[in-house]
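Remarks on the overall topology
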Amino acid sequence: MKKSLKKLTALGLTFVMTASMAACGSSGGSSGEGGTDEKEHVELTGMVQQSRWYSGLQEMVEKLEEEENISIEFEVIPDDQYDNLMKMRLDSHEAPDLVVYQFADLFAAVNPEEFFVALDDEPWMEKVATPEMTEYNGKHYGYCFEASNGFQGMIYNKDVFEKEGITELPETLDEFYAICDQLKADGITPIAIPSDTWVPQIWMTSGMARALGTEEACEDFADKILTHQAEFNDYPEMAEVIDEYLDLFKKGYVNEDYMTVSYDEILGRLASGEIAMIYGATEILTSIEESYPDANFTIFNPPVGYDDKDVLAYLPTAMGIAVNKDTENLDVIKKVFELWSTPEYGNLYFESRPGFPNIEGVDGNQDAMNPDVLTIYNEYMDSGKVVAQMNQYIDTLQPLFGNTLWVYFLEAPSKGNMDGKAVLDRFQKDVDEFMTEKGAEGWN
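The structure contained in this document is the topic of the report that follows. (Residues numbered from 1 in each chain as written. Predicted model: local features only at pLDDT ≥ 70, side-chain atom pairs only at ≥ 80, totals over all residues. Heavy atoms only, no water.)

**Concerning the overall build of the protein**
Counting its regular elements, the protein contains 18 helices and 13 strands. Taken over the C-alpha atoms alone, the protein extends approximately 75 × 60 × 40 Å along its principal axes. Taken across its 444 residues, the protein has 58% of its residues classed as buried. By sequence separation, contacts in the protein at least 24 residues apart represent 78% of the contacts at least 6 residues apart. Counting only carbon and sulfur atoms, one obtains 45% of the accessible surface of the protein, whose full area is about 18,000 Å². (Helix = DSSP H or I, 4+ residues; strand = E, 2+ residues; numbered from the N terminus. Buried < 20%, exposed > 50% of the residue type's maximum accessible area, 1.4 Å probe, protein only. Contact = heavy atoms within 4.5 Å. Areas by Shrake-Rupley, 256 points an atom, 1.4 Å probe, with all protein chains shown as cover.)

Structure representation (structure tokens):
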């Protein structure tokens, strides 16, 4: 399937981290005797990444149990284990009723026609703002809460910048380095990198798209890479993106314990002012704001040496839920999605996480949104200077990312002889093996 990236969706702000393996408690209620109105208890099962066990989703689940006597027992799984576990359980027909994932990334990870229920005939589909998000070969395989996950950029502690007298955001790479040098001289670590591999890869998925500069160039690049007409190092700008990231370590701008420190610990250091910045996305900014309401964070599009057009990388993805074909509770799940598409439920999702709902009539609480997000988004959208993150164009290779490429990004700074070209040469071998096994065009 070739997904269209022509339609830029509205921003959606997601992401909140929790450390608990939380789940809804079961109610002991059942159909009462003598004609009572008590509803029969039904329990559904689900799996969700730890980073996407959002408070708004939890509130929707709690309301569902309180009012409908339907509980959803979500297993909360660490992000780095999720993909492999999801695929294993689906393949073995041991997956839960509901699978939470990013759409349309899910379709690169597994075949929805094989594993999930198409939801085209559901009444709430008529209220969906971005139906293309869940579309695969003409059918729709999920319920999405938001229209999009937003855009990528540099999240920074505004109080730290103000205390340091940094009143102007950098417009060139040299200006950015000058800010980092000032922070470092004053005992503040400029850049945060945790050991969670999905964080450092944001530098590259944003950077590679920005380096190419246009949607057309990214699509042409992806087509040639995925049909073996070209390899990654045929595009020198791809290695340049990685080299610029590696320079941050050489300049001493990154926390020294990047190979071992957890994402949660990093967020604490950012909130305290021990570290000033982290490359992330609007979804991550919202998470930090929710977790540390007394801290003062915002975001900007950082200048880089490989993007002279000043392009913004956006995220044409959104969190949603797919329904396992093996479920024995399909009618109940359909009822749940119908309820969740109403303002009474849907508004809960955005109470603490302002964003752009995917369902008509749901309030995204945009008055509480970080104003810088809207300013940046509108500025770049109005000027047409946007391109999707690179992961979207080469999502056929997504099954490789977590165990190969993203690990290489984290390991490379500790290996003195590992530059951007070496990283991509290493990944190209993984791609060749993966695509050969798939019998892909150009490898058979």
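**Regarding the pairing of strand β9 (residues 275–281)**
Successive side chains on a regular strand alternate, one facing one side of the sheet and the next facing the other. In terms of burial, β9 is a largely internal element, seven of the seven residues being buried. As paired strands, strand β7 (residues 150–157) and β9 are joined by five bridges and run antiparallel to one another. Paired with G153 across the bridge in β9 is G280. With two bridges joining them, strand β8 (residues 189–191) and β9 adopt parallel strand pairing. Bridge pairing in β9 links I191 to M277. (Pairing = 2+ DSSP bridges.)

**Comments concerning the packing of helix α1 (residues 55–68) against helix α13 (residues 343–350)**
Packing of α1 against α13 brings their axes to within 7 Å, and their N-to-C directions diverge by 150 degrees. Looking at the two axes, α1 sits roughly antiparallel to α13. Note that α1 runs across α13; the crossing there is right-handed. Counted together, G56, L57, E59, M60, K63, L64, E67 and E68 of α1 and E344, Y345, G346, L348 and Y349 of α13 form the full contact between these two elements. Tallied by class, residues from the contact of α1 with α13 come to six nonpolar, two polar and five charged. (Axes fitted to C-alpha atoms, helices over the stretch in contact; angles between N-to-C directions. Parallel < 35°, antiparallel > 145°, perpendicular 65-115°, else oblique. Left-handed = near helix turned anticlockwise from the far one by under 90°. Nonpolar A, V, L, I, M, F, W, Y, C, P; charged D, E, K, R; others polar.)

**Examining helix α9 (residues 236–250)**
Helix length check: α9, at 15 residues, gives a terminal C-alpha distance of 21 Å against a target of 21 Å (1.5 Å per residue), a fit within 8%. Residues of α9 that are buried: M238, A239, V241, I242, E244, Y245, L246, L248 and F249. Looking at the buried residues of α9, the elements they touch are α6 (173–185), α7 (201–212), α8 (215–226), α17 (405–411) and α18 (420–438). One or two positions beyond α9, positive phi appears at G252, with a value near 75 degrees. (Expected span 1.5 Å × (residues − 1).)

**Notes on the packing of aromatic side chains**
Under the definition given, this model contains 28 aromatic pairs. Consider the rings of W124 and Y143, whose centres lie 4.9 Å apart with planes at 65 degrees: the pair is edge-to-face. Linking W124 in the loop between α4 (112–115) and β4 (135–136) with Y143 in strand β6 (residues 143–144), this pair joins segments that are 19 residues apart in sequence. As far as burial versus exposure is concerned, W124 and Y143 are alike and both buried. Where W124 meets F337, the ring centres are 6.0 Å apart and the plane angle is 90 degrees; that geometry is what we call edge-to-face. (Phe/Tyr/Trp six-rings, centres within 6.5 Å; stacked < 30°, edge-to-face > 60°.)

**Remarks on the environment of I278**
Positionally, I278 belongs in strand β9. Residues I278 and G153, spaced 125 residues apart in sequence, show a C-alpha to C-alpha distance of 8.7 Å. In contact with I278, other than residues within four places in its own chain, are G153, M154, I155, A192, V199, Y263, I266 and L270.

**Regarding the sheet that holds strand β3 (residues 98–103)**
What the five strands build is an open sheet, ordered β2-β1-β3-β12-β6; its pairing is mixed. Two strands close off the open sheet at either side, each with one partner strand: β2 (70–77) and β6. Direction of pairing for strand β1 (residues 42–49) relative to β2: parallel, over a ladder of eight bridges. Counted as the bridge partner of V48 is V76 from β2. Packing against the sheet, helix α2 (residues 79–91) makes contact with β1, β2 and β3, and its axis sits at approximately 130 degrees to β1.

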